[in-house]
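Structural features, examined
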Protein chains: 2
Amino acid sequence: MTDALPLLQQLIDALKALPGVGPKTAQRMAFQLLERNRDGGKALGDALLKAMEHIGHCAQCRTFSETELCAICRDVERGQSSLLCVVGSSADLQAIEQTGQFDGRYFVLMGQLSPLDGIGPAELGLDVLEQQLNAGNIEEVILATNQTVEGEATAFYIAELCHRRQITVSRLAQGVPFGGELEYLDGSTLSYAFSGRKSF
Amino acid sequence: MTDALPLLQQLIDALKALPGVGPKTAQRMAFQLLERNRDGGKALGDALLKAMEHIGHCAQCRTFSETELCAICRDVERGQSSLLCVVGSSADLQAIEQTGQFDGRYFVLMGQLSPLDGIGPAELGLDVLEQQLNAGNIEEVILATNQTVEGEATAFYIAELCHRRQITVSRLAQGVPFGGELEYLDGSTLSYAFSGRKSF
Ligand SMILES: [Zn+2]
Ligand SMILES: [Zn+2]
């Protein structure tokens, strides 16, 4: 057409940075904000700039935090808990927090071991985790990494770090998910559920 | 959990202003930008603030524009064309531009008549359209509003404005869409396609 609308085109292009947003969706989002929700659009612009600028990582557990220590690590009870749960991402941490079942501390890997992608122990902050294990007040490490090949490899690696220090290690139970129908489960899940069966 | 992360929570809440984005998707978007694309997040924040602030409407055709007249209306040939196409939204204008089939000017209603929602002729800028029709250099108006009840009502209303001024009016053809399989068409489309059949 023409040189048209630099700002509008810039906005549509910028929206494509969001996961799952292609050109069509980006255009719909831009028009929707311009037509019906300019205040919402401004608030989002502000929130993005502030968040990208000021959110860093907790110095102890590595989860996203705008303060040096996150709220959990600052908590007198939880921050020095002898129970440490290792998760792959802040989203996983949030999911566990929402169950309300865990009151220890976390260590957030922000990824998982993937040598082919250049993600080794250092990238996951495992040197920091080792220092914490060395400090001596951690009694049990719960490995809550993903039940995938890479998540398992990561769990094995960290389990080894704990074994060397005689720290108890556990792994989240594998099995049939709540509400799961056997007919629709994949074979690996079913195998694990069998081999891990408990008396009833 | 705790007071946690005001900025992160603000960002997640703000992302929900985007159409089709619920709490889960908003959280995934926020984490993705923070983990992997802070530059993209900043660029989006910037683009949003600039767009919401500086994009207004073209004084002639009402489409989104950051200048008084949009690029099409500024074009010497197109801006004073005797052929005017009326569309419901800037997205519809874009869709027609992408066909490359139309080289006249537009009038963008930014909505359609909907008395129950308080959207009457004034809200659609039909007074501005009337002034343009009165100016005398428009020979044909193509009604490209949606083929819905409200789009049809809007088209009828504007057709009447043209008839009173002896200006030719046309409406986009209705019928089987390209690639459309009769088996899956709704009854109304099929009826229109029948009644509008052409010699072959
Ligand atoms: Zn922390
Ligand atoms: Zn214009």
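Under an unreviewed UniProt entry, chain A has the name Recombination protein RecR and belongs to Alkalimonas collagenimarina. Per UniProt, the comment on chain A under Function (unreviewed entry) is "May play a role in DNA repair. It seems to be involved in an RecBC-independent recombinational process of DNA repair. It may act with RecF and RecO." Under the Sequence similarities (unreviewed entry) heading, UniProt states for chain A: "Belongs to the RecR family."

Some points on the relation of the copies chain B and chain A
Rotating chain B by 179 degrees and moving it 0.1 Å along the rotation axis overlays it on chain A with an RMSD of 0.1 Å. Interpreted geometrically, this transformation is the action of a two-fold axis. Of the C-alpha atoms belonging to chain B, the one lying closest to the rotation axis is found on Gly45 of chain B, 1.9 Å away.

With respect to the pairing of strand β3 (residues 83-87) of chain B
All names here are of chain B. Counting buried residues in β3 gives 4 out of 5 residues, a clear majority hidden from the surface. Note: β3 against strand β5 (residues 140-144), 5 bridges, orientation parallel. By the bridge assignment, Leu84 is partnered in β5 with Val141. The pairing of β3 with strand β4 (residues 105-108) spans 4 bridges and is parallel. Residue pairing across strands places Leu84 opposite Arg105, the latter belonging to β4. Read from β3 through helix α6 (residues 90-99) to β4, the crossover connection turns out right-handed.

Looking at the interface of chain B and chain A
With 54 residues of chain B at the interface, the matching set in chain A holds 55 residues. When chain B packs against chain A, the two sides together hide about 5,200 Å² of surface, and 73% of this comes from carbon and sulfur. By the criterion of area lost to chain A, the three top residues of chain B are Leu7, Met52 and Phe64 of chain B, representing 14% of everything that side buries. A salt bridge links Lys42 of chain B to Glu53 of chain A; the shortest N-O distance between them is 3.9 Å.

Some words on the UniProt feature "zinc finger region: C4-type" (unreviewed entry) in chain A
Mapped onto this numbering, the UniProt entry annotates "zinc finger region: C4-type" (unreviewed entry) at residues 58-73 of chain A. Between the end C-alpha atoms of residues 58-73 of chain A the distance is 8 Å, and the span holds 19% helix and 12% strand.

As for the packing of helix α7 (residues 126-134) of chain A against helix α8 (residues 149-164) of chain A
All names here are of chain A. At a minimum axis separation of 10 Å, α7 and α8 run at an interaxial angle of 30 degrees. In terms of orientation, α7 lies roughly parallel with respect to α8. The handedness of the crossing between α7 and α8 comes out as right-handed. Counting all contacts with α7, which are made through Leu126, Leu129, Glu130 and Leu133, the residues of α8 involved are Tyr157, Ile158, Leu161 and Cys162. Its residues placed into classes, the contact of α7 with α8 shows 7 nonpolar, no polar and 1 charged.

What to know about the pairing of strand β6 (residues 168-171) of chain B
All names here are of chain B. Inspection of the sheet shows β5 paired to β6 by 4 bridges, in the parallel sense. Counterpart to Glu140 in the pairing with β6 is Thr168. Regarding the hand of the β-α-β motif, the stretch spanning β5, helix α8 (residues 149-164) and β6 is right-handed.

Description of helix α6 (residues 90-99) of chain A
Looking at α6 of chain A, one finds that the buried residues are Ser90, Leu93, Gln94, Ile96 and Glu97 of chain A. Viewed end-on, α6 of chain A has its buried residues packed into an arc of 165 degrees, placing them on one side of the element.

Points about the sheet that holds strand β4 (residues 105-108) of chain A
Strand pairing in a sheet relies on backbone hydrogen bonds. The paired strands run either parallel or antiparallel. All names here are of chain A. Taken in spatial order, the 4 strands of this open sheet run β4-β3-β5-β6, and their pairing is parallel. Only two strands of the sheet have a single partner each, and these edge strands are β4 and β6 (168-171). Going across the sheet, the axis of each strand differs from the next one's by a mean of 25 degrees, ignoring polarity. With respect to the sheet, α7 is in contact with β3 (83-87), β4 and β5 (140-144), its orientation differing from that of β4 by roughly 150 degrees. Its contacts with the sheet put α8 on β3, β5 and β6, and the angle it makes with β6 is roughly 165 degrees.

Section: the domain arrangement of chain A
Split into domains, chain A comes out as domain 1 (6-54) and domain 2 (57-171). Distance from the C-alpha centre of domain 1 of chain A to the C-alpha centre of domain 2 of chain A: 34 Å.

What counts, and where the lines are drawn
- Residues numbered from 1 in each chain as written.
- Chains lettered and ligands numbered in written order.
- Predicted model: local features only at pLDDT ≥ 70, side-chain atom pairs only at ≥ 80, totals over all residues.
- Heavy atoms only, no water.
- UniProt positions renumbered as here; feature names shortened; annotations may be inferred.
- Least-squares fit on C-alpha atoms with pLDDT ≥ 70 in both.
- Buried < 20%, exposed > 50% of the residue type's maximum accessible area, 1.4 Å probe, protein only.
- Helix = DSSP H or I, 4+ residues; strand = E, 2+ residues; numbered from the N terminus.
- Pairing = 2+ DSSP bridges.
- Right-handed = clockwise from strand over helix to strand, strands pointing away.
- Contact = heavy atoms within 4.5 Å.
- Buried area = accessible area lost by both parts, 1.4 Å probe.
- Salt bridge = Lys/Arg side-chain N within 4 Å of Asp/Glu carboxyl O.
- Axes fitted to C-alpha atoms, helices over the stretch in contact; angles between N-to-C directions.
- Parallel < 35°, antiparallel > 145°, perpendicular 65-115°, else oblique.
- Left-handed = near helix turned anticlockwise from the far one by under 90°.
- Nonpolar A, V, L, I, M, F, W, Y, C, P; charged D, E, K, R; others polar.
- Arc of directions from axis to C-beta.
- Domains from an automatic or database assignment.

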